[in-house]
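Coordinate analysis (summary)
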Amino acid sequence: MSKIILAIETSCDETACAILKDDKLLANVVSTQIEIHQKYGGVFPEIASRLHVENIGVVLEEALKKSQISLEDVSAIAFTRGPGLIGALHVGLQAAKSLCLYYNKPLIPVHHLAGHIYANEYVTPLKFPCLAIVVSGGNTELVIMKDHLNFEIIGETKDDAIGEAFDKVARVLGLPYPGGVSIDRLSKEGKPTYLLPRPLNDHSYNYSYSGLKTAVINLVHKLETNHQEINVNDMACSFQKVAIDLLLDKALPALDEYHCKQVVLAGGVSANSYLRSEIVRRTKNQDVEVIIPPLWCTTDNAAMIAKVGSYLYEKKAFASLSISSDPSWRLEHFMDFPKKGENHE
Ligand code: KG4
């Protein structure tokens, strides 16, 4: 019998629903709120939650229509439990719970970052040991996977996420949200002429992007105060080069240390063109497969949640209906949730 996973993603500013039948993605509907949040220069959490409430039914209906699947046929319902914005996560959680209750289906909680990593399986199967470089607006993590659903965080940011630094630097340069896209574009016209620091430039796998972000902000303010012209393209390029070089300088030694067969990029910042070309260039003499996710996989979507949901379905990792969202859920604890059959069920 076919395995049909319906997945819901509402962790930030995309309302998404996907339907995966065995290995075939039948529908992948994403409604983005980016244009609305652009007015505020970043995601406005309360507005994000309200828009998810408006959009969730619409994306569900469209995914079912596209896939020609009825809810009775679905094997299980997967949803993003965390990490993310609490109000936004709650909308997806409640939608998933209601459907499970009404149609008597198992409920599968999925970790958002596991989703970003598994999005790569739409390109090629994961091979282990695998290094996942997880880079988004809220996270910067180096993850070693020795097997499916086996995550070990070997390093992470001690302060800001790399995407957050891209967004804040873009804002001070007067560029629109999401800043990473603009910085990436302008960098192509610039040169790395501004001298910037490389915080936490040690031999650990940990990062610090707050100092780099602050250095750019301070430099811009100083130039403005002195009425000196700022070359925005050069500033964007200088920042991007340090941010990405630092990311790879620290991440790539893990390939040898953990005898990795594969390295995958995951999360919104993996759309960065300099990161994508640099990782290929720097690993070309190494015996390691580099997986670059297609651009549609780098932004939030529910196809990636369905992929993880499908593996968890095999493990019968079903949640109790008492489960709540977890906005700061750690990847290593992705199996820690109230299970079906426990908690008085
Ligand atoms: O994964 P994502 O969609 O949301 C989170 O879960 O955080 O990532 C969004 C982040 C934003 O910080 C955005 O500026 C960044 O990804 N981003 C980029 C690029 N495209 C998006 N950063 C650098 N270069 C890009 N081309």
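First, a word on what this report is: a plain description of the structure on this page. Each chain carries its own residue numbering, running from 1 in the written order of its sequence. Reporting in this predicted model follows two pLDDT cut-offs: at least 70 for local features of residues, and 80 or more for side-chain atom pairs to be given and counted; totals over whole chains, interfaces and linings ignore these cut-offs and use all residues. Calculation of side-chain values draws on the structure's entire complement of heavy atoms; hydrogens and water are dropped beforehand.

Section: the packing of helix α5 (residues 162–172) against helix α6 (residues 179–187)
As a packed pair, α5 and α6 sit with axes 7 Å apart at the nearest point and diverge in direction by 70°. Judged on the interaxial angle alone, α6 and α5 are roughly perpendicular. Contacts between α5 and α6 involve Phe 166, Asp 167, Val 169 and Ala 170 from the first element and Gly 179, Gly 180 and Ile 183 from the second. When its residues are assigned to classes, the contact of α5 with α6 shows four nonpolar, two polar and one charged. Every angle, taken between N-to-C directions, lies between 0 and 180 degrees, and every axis is a line fitted to C-alpha atoms, over only the stretch in contact when it is a helix. Elements are defined by DSSP. Helices are runs of H or I of four residues or more, strands are runs of E of two residues or more, and each kind is numbered from the N terminus. Angles are sorted into four bins: roughly parallel if under 35 degrees, roughly antiparallel if over 145, roughly perpendicular if 65 to 115, and oblique for all others. Pairs of residues are marked as contacts when any of their non-hydrogen atoms sit within 4.5 Å. By the convention adopted, Pro, Cys, Tyr, Trp, Phe, Met, Ile, Leu, Val and Ala count as nonpolar, Lys, Arg, Asp and Glu as charged, and the other residues, Gly among them, as polar.

Looking at the nonpolar core
Within this scheme, the nonpolar core is defined by two criteria: the residues are buried Ala, Val, Leu, Ile, Met, Phe, Trp, Tyr or Cys, and they are joined through side-chain atoms within 4.5 Å. Only protein chains enter the area calculation, which uses a 1.4 Å probe; residues under 20% of their type maximum are buried, those over 50% are exposed, and those in between are partly exposed. Core analysis: the largest hydrophobic core is formed by 67 residues, its most contacted members being Leu 6, Ile 117, Val 143, Met 145 and Phe 151. Residue ranges for the domains trace back to a domain assignment, done automatically or taken from a database. When residues are assigned to domains, this core turns out to be shared by domain 1 (4–117 + 298–333) and domain 2 (125–292), each giving three or more. Among residues more than four places away in sequence, those in contact with Phe 151 are Ala 114, Ile 117, Tyr 118, Val 143, Ile 144, Met 145, Leu 331, Glu 332 and Phe 334.

So, the site of the ligand
Around the ligand there are 19 residues in total, and Gly 137, Asp 167, Gly 180, Asp 184 and Gly 268 lie nearest to it. Residues adjacent in sequence count toward polar contacts only when both atoms are side-chain atoms; beyond that, a polar contact is any pair of N or O atoms within 3.5 Å, and within protein one must be able to donate a hydrogen and the other to accept it. Side-chain polar atom of His 116 to an oxygen atom of the ligand: 3.4 Å apart, as the coordinates give it. Those elements that place two or more of their residues in the shell around the ligand are α4 (112–118), α5 and α6. In terms of residue count, the dominant contributor to the shell around the ligand is α6 (four residues). Considering only residue class, the shell around the ligand consists of five nonpolar, eleven polar and three charged. Built from parts of two domains, the shell around the ligand gets at least three residues from each of domain 1 (4–117 + 298–333) and domain 2 (125–292). We define proximity as follows: a residue is near a molecule or strand when any one of its heavy atoms falls within 4 Å of that partner.

Quick word on the pattern of salt bridges
Here a salt bridge means any side-chain nitrogen of Lys or Arg lying within 4 Å of a carboxyl oxygen belonging to Asp or Glu. Throughout the structure, instances matching the rule amount to 16 salt bridges. The shortest N-O distance in the salt bridge between Arg 50 and Glu 46 comes to 2.9 Å. Of this pair, Arg 50 and Glu 46 both sit in helix α2 (residues 45–67), separated by four residues, roughly a single helical turn. We note a salt bridge from Arg 282 to Asp 245, for which the minimum N-O separation is 3.5 Å. Remark: Asp 245 occurs in helix α8 (residues 232–251) and Arg 282 occurs in helix α10 (residues 273–283); sequence separation between them is 37 residues. Its relative accessible area of 8% is what places Asp 245 among the buried residues. One network of salt bridges, with partners in common, ties together Arg 198, Lys 241, Asp 245, Asp 249, Glu 278, Arg 281 and Arg 282.

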